[in-house]
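What the coordinates show
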Amino acid sequence: MITKEKILAIAKETILSESKAISKLSELLTDDLADCVRLIYESKGRLIVTGIGKSAIIAQKIVATLNSTGTPSLFLHASEAVHGDLGMVQPNDIIICISKSGNSPEIKILVPILNRFGNTLIAMTGNLSSFLAKNSTYVIDTTVEKEACPNNLAPTNSTTAQLVMGDCLAVCLMEIRNFKSEDFAKYHPGGALGKKLLLRVKDILEDSRKPMVRADATIQIVIFEISEKRLGVTAVIENDKIIGIITDGDIRRMLSKTETIKGITARDIMTVNPKMIESDDMVVKALNIMEDFSITQLIVSDDSIYKGVIHLHDILKEGIV
């Protein structure tokens, strides 16, 4: 029976083999890749990515990445292309064909047809002398010395290399487009990622929970306000301006230092210059401030106008973290 040590050794060897293959890709970069990025960026059409077998699966992932980062893309299965799916190819489209060998039967059928269409064809292959490479306008080299597979057969290092080159294209295009997190959010509105990129403080702020006391309020009033609003904090207001905050922790510390609360007011125990955030700021910004200062509440203020309090629990309920 194979031991745990042997399994871990095989796993480590696989990781090292693939990482070595990836590191060598930087040496294979040529002007063709730069030309392809510029061509795709300036294209009036879409980018179509095609392949067969495992390369087809990689093609689908590359398409997904490109679509989510601002480059309209479509996946075309090489074998289905010659059975009607070529109808999706439009005159201005650019086509990337992915194949390790570049000589598979499906590729040899598809490539001449695509060239007759007049579309620019980009080869992503590990065989620069292949049929695909010789019949393409540009070639992106994904050559690997060997597969991580012990029999040097199952696509492992080669598909990883294809995936990395696809990411290179996507990231280069993102940089050229000046693609920001706001743009990314447009294509990812759902789930935790969408909320992280789109949700603003005002979206989760409850007007009904807006704790506040006057600077001359007694400690009894302060405690009542904190307890009623259930946010563990209250703002201290004077002349319609926020001059400080009091947390339940401030109350506990005050009680531990004094035998009587008679005569003590909100002004006496408040923290001045509290951390604040605007209602139009992103919720993730509020979370980062809370983490940086080890606090669980933030005062929300727009142009010195008190809007309420955002609590860490409000953020956690949204599933952002």
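Note that this is a predicted model, so its numbers are computed, not measured. (Residues numbered from 1 in each chain as written. Predicted model: local features only at pLDDT ≥ 70, side-chain atom pairs only at ≥ 80, totals over all residues. Heavy atoms only, no water.)

Glancing now at the overall build of the chain. Counting its secondary structure elements, the chain contains 15 helices and 11 strands. Relative to its length of 321 residues, the chain is extended, with a C-alpha radius of gyration of 30 Å against a globular reference of 20 Å. When the backbone C-alpha atoms are referred to their principal axes, the chain occupies close to 90 × 55 × 35 Å. In the chain, which comprises 321 residues, the proportion classed as buried is 44%. In the structure as shown, the chain presents an accessible area of about 17,500 Å², 54% of it carried by carbon and sulfur atoms. (Helix = DSSP H or I, 4+ residues; strand = E, 2+ residues; numbered from the N terminus. Rg over C-alpha atoms; globule rule 2.2 N^0.38 Å. Buried < 20%, exposed > 50% of the residue type's maximum accessible area, 1.4 Å probe, protein only. Areas by Shrake-Rupley, 256 points an atom, 1.4 Å probe, with all protein chains shown as cover.)

What follows deals with the packing of helix H11 (residues 219-229) against helix H12 (residues 248-257). Between H11 and H12, the least distance of the axes is 10 Å, while the angle of their chain directions is 145°. Considering how the two elements wind past one another, H11 and H12 form a crossing that is left-handed. Contacts between H11 and H12 involve Ile219, Val222, Ile223 and Ile226 on the former and, on the latter, Asp248, Ile251 and Met254. Its residues assigned to classes, the contact of H11 with H12 comprises six nonpolar, no polar and one charged. (Axes fitted to C-alpha atoms, helices over the stretch in contact; angles between N-to-C directions. Left-handed = near helix turned anticlockwise from the far one by under 90°. Contact = heavy atoms within 4.5 Å. Nonpolar A, V, L, I, M, F, W, Y, C, P; charged D, E, K, R; others polar.)

The residue Leu39 is located in helix H2 (residues 31-42) in this model. Judged by its relative accessible area of 25%, Leu39 falls in the partly exposed class. Sequence separation between Leu39 and Thr120 is 81 residues, and the spatial gap between their C-alpha atoms is 9.3 Å. In contact with Leu39, not counting residues within four places along its chain, are Ile94, Thr120 and Tyr138.

Right, let's talk about the confidence of the model for the chain for a bit. The predicted model of the chain has a mean per-residue pLDDT of 91, with 97% of residues at 70 or higher. Here helix H9 (residues 191-198) stands out as the element of the chain with the lowest mean pLDDT, 67, in contrast to strand S5 (residues 138-141), whose mean of 98 is the highest. (pLDDT = per-residue confidence, 0-100.)

In this model, helix H7 (residues 157-177) (21 residues) spans 30 Å end to end at C-alpha, consistent with the 30 Å of a helix rising 1.5 Å per residue. Every buried residue belonging to H7 is among Asn157, Ser158, Thr159, Thr160, Ala161, Gln162, Met165, Gly166, Leu169, Ala170 and Leu173, and all of these are buried. Buried residues in H7 make contact with helix H1 (4-25), H2, helix H3 (54-68), strand S3 (94-99), strand S4 (120-125) and S5. (Expected span 1.5 Å × (residues − 1).)

So, about a nonpolar patch on the surface. Together, Met1, Ile2, Ile7 and Ile10 line one region of the surface with nonpolar side chains, adding up to about 480 Å² of accessible area. Examined against the element boundaries, Ile10 turns out to sit in helix H1. On the basis of relative accessibility, which here comes to 38%, the residue Ile10 falls in the partly exposed class. (Patch = residues over 30% accessible without salt bridge, like charges linked within 9 Å, V, L, I, M, F, W, Y side chains within 5 Å. Salt bridge = Lys/Arg side-chain N within 4 Å of Asp/Glu carboxyl O.)

As for its position among the elements, Thr160 is in helix H7. Engagement of the side chain of Thr160 in a polar contact is seen with the side chain of Glu18, the distance being 2.5 Å. Look past the residues within four positions of Thr160 in its chain and what remains in contact with it is Glu18 and Ile22. (Polar contact = N/O pair within 3.5 Å; in protein donor to acceptor, adjacent residues only side chain to side chain.)

Below, the discussion takes up the pairing of strand S11 (residues 305-311). Across the seven residues of S11, five count as buried, placing the element largely inside the fold. As paired strands, strand S10 (residues 297-302) and S11 are joined by six bridges and run antiparallel to one another. Looking across to S11, one finds that Gln297 is bridged to His311. Joining the antiparallel neighbours S10 and S11 is a turn of two residues, in which Asp303 adopts a positive phi near 50°. (Pairing = 2+ DSSP bridges.)

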